[in-house]
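# What the coordinates show
So you can see what is in the structure, the chains are spelled out below.
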Amino acid sequence: MKQERIIVIGSNGQIGTELVTELRGIYGGGNVVATDIKEAPEEIRETGPFEFSNVLDKDNLKQIIEKYKPTQIYLLAALLSAVGEQKPKRAWELNMDGLINVLDFAIDYGISKVYWPSSIAVFGPNSPQFNTPQHCVMDPNTVYGISKLAGERWCEYYHLKYGLDVRSLRYPGLIGWKSAPGGGTTDYAVHIFHEALQNGKYECFLSENTELPMMHMSDAIKATIGIMDAPSEQVKIRSSYNVGAMSFTPKTLTAEINKHLPDFRISYKDNDPRQAIANSWPKSIDDSVARKDWGWKPEFDLAGLTKNMLDNLSVTTK
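All of the points below concern the structure found in this document. Just so it is clear, the model here is predicted, and its values are computed rather than measured.

Analysis parameters
Residues numbered from 1 in each chain as written. Predicted model: local features only at pLDDT ≥ 70, side-chain atom pairs only at ≥ 80, totals over all residues. Heavy atoms only, no water. Helix = DSSP H or I, 4+ residues; strand = E, 2+ residues; numbered from the N terminus. Rg over C-alpha atoms; globule rule 2.2 N^0.38 Å. Buried < 20%, exposed > 50% of the residue type's maximum accessible area, 1.4 Å probe, protein only. Contact = heavy atoms within 4.5 Å. Lys, Arg positive; Asp, Glu negative; His and termini not counted. Charge placed at Lys NZ, Arg CZ, Asp CG, Glu CD. Pairing = 2+ DSSP bridges. Axes fitted to C-alpha atoms, helices over the stretch in contact; angles between N-to-C directions. Phe/Tyr/Trp six-rings, centres within 6.5 Å; stacked < 30°, edge-to-face > 60°. Salt bridge = Lys/Arg side-chain N within 4 Å of Asp/Glu carboxyl O. Patch = residues over 30% accessible without salt bridge, like charges linked within 9 Å, V, L, I, M, F, W, Y side chains within 5 Å. Areas by Shrake-Rupley, 256 points an atom, 1.4 Å probe, with all protein chains shown as cover. Right-handed = clockwise from strand over helix to strand, strands pointing away. Left-handed = near helix turned anticlockwise from the far one by under 90°. Nonpolar A, V, L, I, M, F, W, Y, C, P; charged D, E, K, R; others polar. Polar contact = N/O pair within 3.5 Å; in protein donor to acceptor, adjacent residues only side chain to side chain.

Glancing now at the overall build of the protein chain. Broken down by element type, the protein chain carries 12 helices and 14 strands. Against the globule reference of 20 Å for 318 residues, the protein chain gives a C-alpha radius of gyration of 19 Å, in line with a compact fold. Each principal axis of the C-alpha distribution contributes one length, and for the protein chain these read about 55 × 45 × 40 Å. Considering the protein chain as a whole, with its 318 residues, one finds that 54% of them fall into the buried category. Excluding contacts between residues fewer than 6 apart, the proportion of contacts in the protein chain whose partners are at least 24 apart in sequence is 78%. In the protein chain, which carries 34 positive and 39 negative side-chain charges, the distance between the mean positions of the two groups comes to 2 Å.

Moving on, we come to unusual backbone geometry. One non-glycine residue, Lys69, adopts positive backbone phi at about 50°. By the secondary structure assignment, Lys69 is in the loop between helix H3 (58-68) and strand S4 (72-75). Judged by relative accessible area, which is 62%, Lys69 ranks as exposed. Look at Asn131: it is not a glycine, yet its phi comes out positive at around 50°. Taking relative accessible area as the criterion, Asn131 reaches 51% and is therefore assigned exposed.

Attention now moves to the sheet that holds strand S2 (residues 32-36). Ordered in space as S3-S2-S1-S4-S5-S7, the 6 strands form an open sheet in which the pairing is parallel. In this open sheet, the two edge strands, each paired with only one partner strand, are strand S3 (50-52) and strand S7 (166-167). In the sheet, strand S1 (residues 6-9) pairs with S2 via 4 bridges, with the strands oriented parallel. Looking at the pairing, Val8 lines up with Ala34 of S2. Helix-sheet contacts for helix H1 (residues 16-27) involve S1, S2 and S4, and the interaxial angle to S2 is about 165°. Packing of H3 onto the sheet brings it into contact with S1, S2, S3 and S4, and relative to S3 it is tilted by some 160°.

Our next topic: the packing of aromatic side chains. In the structure shown here, the tally under the stated rule is 10 aromatic pairs. Aromatic side chains Trp154 and Tyr157 sit 5.9 Å apart centroid to centroid with 85° between the ring planes, which places their arrangement in the edge-to-face category. Of this pair, Trp154 and Tyr157 both sit in helix H6 (residues 143-162), 3 residues apart, roughly one helical turn. On the accessibility criterion, Tyr157 (38% relative accessible area) is partly exposed. A ring pair is formed by Tyr241 and Trp294, whose centres lie 5.8 Å apart and whose planes are at 80°; its orientation type is edge-to-face. Here Trp294 lies in helix H11 (residues 288-294) and Tyr241 lies in strand S12 (residues 241-242), a separation of 53 residues in the sequence.

Across all of its chains, the model carries 13 salt bridges by this definition. Ionic pairing is found between Glu39 and Arg45, a salt bridge with its closest N-O pair at 4.0 Å. The class for Glu39 is partly exposed, based on a relative accessible area of 43%.

Let us look at helix H7 (residues 188-198). Among all positions in H7, only Tyr188, Ala189, Val190, Ile192, Phe193 and Ala196 are buried. Directly beyond the C-terminal end of H7, a positive phi value near 75° is found at Gly200.

The next point concerns a nonpolar patch on the surface. On the surface, a cluster of nonpolar side chains totalling about 390 Å² of accessible area is made up of Ile107, Trp154, Tyr157 and Tyr162. Of all the elements, H6 adds the most residues to the nonpolar patch, at 3 residues.

Let us look at the pairing of S2. Here S2 lies mainly inside the structure; 5 of its 5 residues are buried. Judged by which residues are buried, S2 turns out to be covered on both faces: Val32, Ala34 and Asp36 on one side and Val33 and Thr35 on the other are all buried. Crossover connection from S1 via H1 to parallel S2: handedness right-handed.

Now for the packing of H7 against helix H9 (residues 250-258). For any two helices packed against each other, the geometry is given by the interaxial angle and the distance between the axes. Between H7 and H9, the least distance of the axes is 11 Å, while the angle of their chain directions is 30°. In terms of crossing hand, the pair formed by H7 and H9 is right-handed. The residues of H9 that touch H7, namely those facing Tyr188, Ala189, Ile192, Phe193 and Ala196, are Pro250, Leu253, Thr254 and Ile257. In terms of residue class, the contact of H7 with H9 is built from 8 nonpolar, 1 polar and no charged.

Moving on: the side chain of Asn242. By the element assignment, Asn242 lies in strand S12. We classify Asn242 as buried; its relative accessible area is 1%. There is a polar contact of 2.9 Å between the side chain of Asn242 and the side chain of Arg170. When residues no more than four places from it in sequence are discounted, the contact partners of Asn242 are Phe123, Thr132, Pro133, Gln134, Arg170, Ile285, Asp286, Asp287 and Ala290.

Put into structure tokens, the structure is as follows:
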């Protein structure tokens with residue numbers, strides 16, 4: 001078992017709950033400290049240490065770091081795209097100041113690695129929409145995207161200026177069955193499975209032909225641990241790597257669900273503010289740099305994702 005001491009900040013979210021479980025399986029439950037501003041779910045509390053933390057409270061964060069002496073920190077606390085548009089200044093404060101706090105503590109306490117997630121939200125209306133490359137025009141028009149783009153620059157700066165081993169991925173929409181999404185523009189692709197099984201119908205807040213990059217949560221966890229495990233010399237981009245798996249529209253996702261649930265029906269809502277956000281994002285992602293540098297490769301395609309979601313949710317929602 002690898003000898004690391006890890007703190008996961010924002011462990012109760014859609015990514016954090018699954019990431020903590022996976023990390024504890026690798027490093028041992030006692031070596032992975034889950035932290036969040038709210039009480040952790042039972043499976044997190046029972047399998048390892050949990051601490052209440054607020055990434056904006058530097059005294060609180062310092063106490064946790066001094067108590068556990070981590071070798072790695074995963075910073076997942078953030079306000080996502082749709083919620084961020086409702087609370088823009090709060091989103092900027094949490095997404096930016098929280099990152100700076102962690103980067104500074106990593107330098108002060110000699111923490112060997114920091115992980116911080118970025119997003120496809122860093123791209124904007126003038127970015128190439130198809131096979132969006134690693135390097136291109138980036139002009140985000142949401143506070144979430146602006147904060148993530150600024151965060152990428154800070155991560156690279158701390159690496160170049162201070163030698164900090166900070167690593168990052170630009171997540172597409174993430175789809176998993178173990179926890180609820182947290183207020184993102186791609187959340188429909190999780191909600192639709194719950195509604196398909198429970199009610200046989202779903203009203204989508206995005207239009208039927210809105211194509212977006214998506215990824216099964218298992219692949220997101222695999223990519224996250226993969227980049228953190230990669231030898232430092234293979235991690236050549238210190239802003240954030242594109243990672244992708246598949247792209248689809250609500251219409252094509254519905255067609256795939258109908259192969260399992262023929263009576264499922266979808267309708268579409270007009271004038272939802274999330275539509276404008278989705279329109280500014282890539283339709284597909286070129287992740288060839290991540291594949292070349294450190295061997296990224298997803299496992300799930302649309303058919304596999306759909307079957308996995310329906311199979312697992314049909315058990316857990318009974």
